[in-house]
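Structure at a glance
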Amino acid sequence: MPRLLSVIALALLVGCQSALPESPPPLADMEEPPALFAEPADEDARQKLPLGCYSGVEVTDPRTTLEERLADAPAAGVLVGNVVANSPGDAAGLVAGDLLLSAQVDGSMQTLTAPSEWRRIEQTAAPGTVVTLRLDRAGSERQTRVTLAPRVRRSERLASTRLREEEKVGVVVRTATEVEAGAAGLGVGGGAVVVGLSRGSPWRLVDVRLGDVLTRIGDQPVTHPQAVLTAIRNAKGPTLDLVFMRADTRHNVQAPLSSRTNEVREVGLPLVFTYSRDRGTTTTSMLLGLIHYRSTAAAWRMRLLWLISFGGGDSDRLLEVAR
């Protein structure tokens, strides 16, 4: 009897399925040209861009957690991370921790949702422009005015971010450089350049290409590459309104979305017969594991009576061809 129980326990172990994967595998057909792994060598062109204005206010995204960044709604304001001493921002009374909600320039009000929008104001406004800011400080809303000063030294090059989406589109994007963002009418840090695209991506159907600069997706501007992934992830319909720039030409398309294909097949009668096919690996088990067969594209193995096993597979050389 104990021996029978041991045999049954062994059979149960043989028949146990491995844990389900927590995340899907990387797309095998993702096209990522090596030439696009690095940013374009446009530093000389960046140095020739207008210097813009200076406020002395350094801003960041107020969303600190991944859950907040993946939320459907954009950020409510931009967070002041630092205010340079004796700068226009310091003279206006701004301090680190203030949340800038909106900015009014020349009578036009703009809600602030990303750091690139504040940088765009500094880039495009003329020296001496007065920016009226609505801000939140420790839960209390207030207003102040910042008089922008001419910038005398160019800021450091912004670090690039590279992000991938592999569930509905199959796309890899990176932060647009200052030159690319400026050509698309965006602030520093805004825009997303397509640097990878699945060969089966639905965006190829609407002629999205590698190198295109995404400027708007859904009903939101692309103020950061994360905005692209968030819009795709939260999309409710089969398409998204997509705006991108290519060689100074603006394109507006209805970009379709897709979903993962399913390659896993399983069938079984517990302890009697099980069969599974998972991404190129086939497994068959019969009669409490008395017969167990497993194969891949390169090799196969069969086990009988839990003790006897044999198998075969590809060699490391090709067959000789008769001349």
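Residues numbered from 1 in each chain as written. Predicted model: local features only at pLDDT ≥ 70, side-chain atom pairs only at ≥ 80, totals over all residues. Heavy atoms only, no water.

Scanning the protein chain from terminus to terminus reveals seven helices and 22 strands. The buried share of the protein chain, reckoned over its 323 residues, is 37%. Accessible surface, the protein chain as shown: approximately 19100 Å² in total, 57% of it carbon and sulfur. (Helix = DSSP H or I, 4+ residues; strand = E, 2+ residues; numbered from the N terminus. Buried < 20%, exposed > 50% of the residue type's maximum accessible area, 1.4 Å probe, protein only. Areas by Shrake-Rupley, 256 points an atom, 1.4 Å probe, with all protein chains shown as cover.)

Bringing the nonpolar core into the picture now. The biggest cluster of nonpolar side chains holds 23 residues, and the ones touching the most others in it are V171, W203, L214, I217, V228, I232 and L242. Looking at this core, the elements with two or more residues in it are β11 (171-175), β12 (192-198), β13 (213-217), α7 (225-233), β15 (239-246) and β16 (249-256). A per-element tally of this core places α7 first, with four residues. Ranked by size, the runner-up nonpolar core spans 20 residues in total, among them A92, W118, V131 and V146. (Core = buried A, V, L, I, M, F, W, Y, C linked by side-chain atoms within 4.5 Å.)

In the structure shown here, the tally under the stated rule is 18 salt bridges. Residue E31 pairs with R204 through a salt bridge whose shortest N-O separation is 2.7 Å. A residue pair is termed long-range when its members are at least 10 positions apart, and E31 in strand β1 (residues 30-31) and R204 in the loop between β12 and β13 qualify at 173 residues. Take R204: its relative accessible area is 33%, and that puts it in the partly exposed class. (Salt bridge = Lys/Arg side-chain N within 4 Å of Asp/Glu carboxyl O.)

Bringing the packing of aromatic side chains into the picture now. Tallied over the entire structure, the rule returns two aromatic pairs. Judged by centre distance (6.1 Å) and plane angle (85°), the rings of W300 and F310 are edge-to-face. Linking W300 in strand β21 (residues 299-304) with F310 in strand β22 (residues 308-313), this pair joins segments that are ten residues apart in sequence. Residue class for W300 comes out partly exposed when judged on its relative accessible area of 35%. Taking the relative accessible area as the measure of exposure, F310 reaches 40% and is therefore partly exposed. Within the aromatic cluster, the residues linked to one another by ring pairs are Y293, W300 and F310. Taking the ring centre of F37 as reference, the NZ or CZ of R162 above it sits at 4.3 Å. (Phe/Tyr/Trp six-rings, centres within 6.5 Å; stacked < 30°, edge-to-face > 60°. Lys NZ or Arg CZ within 6 Å of the ring centre and 35° of its normal.)

What follows deals with the environment of L287. Among the structural elements, L287 can be located in the loop between β19 (281-286) and β20 (291-295). Since its relative accessible area comes to 47%, L287 is described here as partly exposed. Sequence separation between L287 and T274 is 13 residues; the distance between their C-alpha atoms is 9.3 Å. When near neighbours in sequence (up to four residues on either side) are disregarded, L287 contacts L271 and V272. (Contact = heavy atoms within 4.5 Å.)

Residues L163 and E165 point to one face of strand β10 (residues 162-165) and are all buried, whereas R162 and R164, pointing to the other face, are not buried. Judged from the four bridges that link them, β10 and β11 form a sheet pairing that is antiparallel. When the bridges of β11 are listed, R164 appears paired with V172. The hairpin turn running from β10 into β11, its antiparallel successor, is five residues long, and G170 in that turn takes a positive phi close to 80°. (Pairing = 2+ DSSP bridges.)

The next point concerns the side chain of S102. As for its position among the elements, S102 is in strand β5 (residues 99-105). For S102, the residues in contact, after removing those within four places along its chain, are M109, Q110, T111, L112, T132, L133 and R134.

With seven of its nine residues buried, α7 lies for the most part within the structure. Every buried residue belonging to α7 is among P225, Q226, V228, L229, T230, A231 and I232, and all of these are buried.

For the rest of this paragraph, the subject is the sheet that holds β21. Within a sheet, adjacent strands bond to each other through the backbone by hydrogen bonds, running parallel or antiparallel. Taken in spatial order, the six strands line up as β17-β18-β19-β20-β21-β22 in an open sheet, and their pairing is antiparallel. Both edges of this open sheet fall to β17 (265-269) and β22, since each of them pairs with a single strand only. Across the sheet, the mean angle from the axis of one strand to that of its neighbour is 5°, orientation sign disregarded. Two elements, β20 and β21, share five bridges in a ladder whose sense is antiparallel. (Axes fitted to C-alpha atoms, helices over the stretch in contact; angles between N-to-C directions.)

Turning to a nonpolar patch on the surface, a few remarks are in order. A cluster of nonpolar side chains, V267, L269, L271, V272, F273, L287 and L288, forms an exposed patch at the surface whose accessible area comes to about 590 Å². Structurally, F273 can be placed in strand β18 (residues 273-278). (Patch = residues over 30% accessible without salt bridge, like charges linked within 9 Å, V, L, I, M, F, W, Y side chains within 5 Å.)

On to the confidence of the model for the protein chain. Predicted coordinates in regions of low pLDDT should not be interpreted in detail. Counting all residues, the mean pLDDT for the protein chain is 87, and 88% of those residues have values of 70 or more. Segment residues 11-15: pLDDT under 50, and eight contacts once partners within four positions in sequence are set aside and those in other chains are kept. (pLDDT = per-residue confidence, 0-100.)

A few words now on the pairing of β19. The buried count for β19 comes to five of six residues, which makes it a mostly enclosed element. Between the end of β18 and the start of β19, which pair antiparallel, lie two residues, with R279 showing a positive phi angle near 50°. Here β19 runs beside β20; their pairing, made up of five bridges, is antiparallel. Of the residues in β20, the one forming a bridge with T283 is R294. The turn joining β19 and β20, which pair antiparallel and follow one another in sequence, is formed by four residues; a positive phi near 55° is taken by L287.

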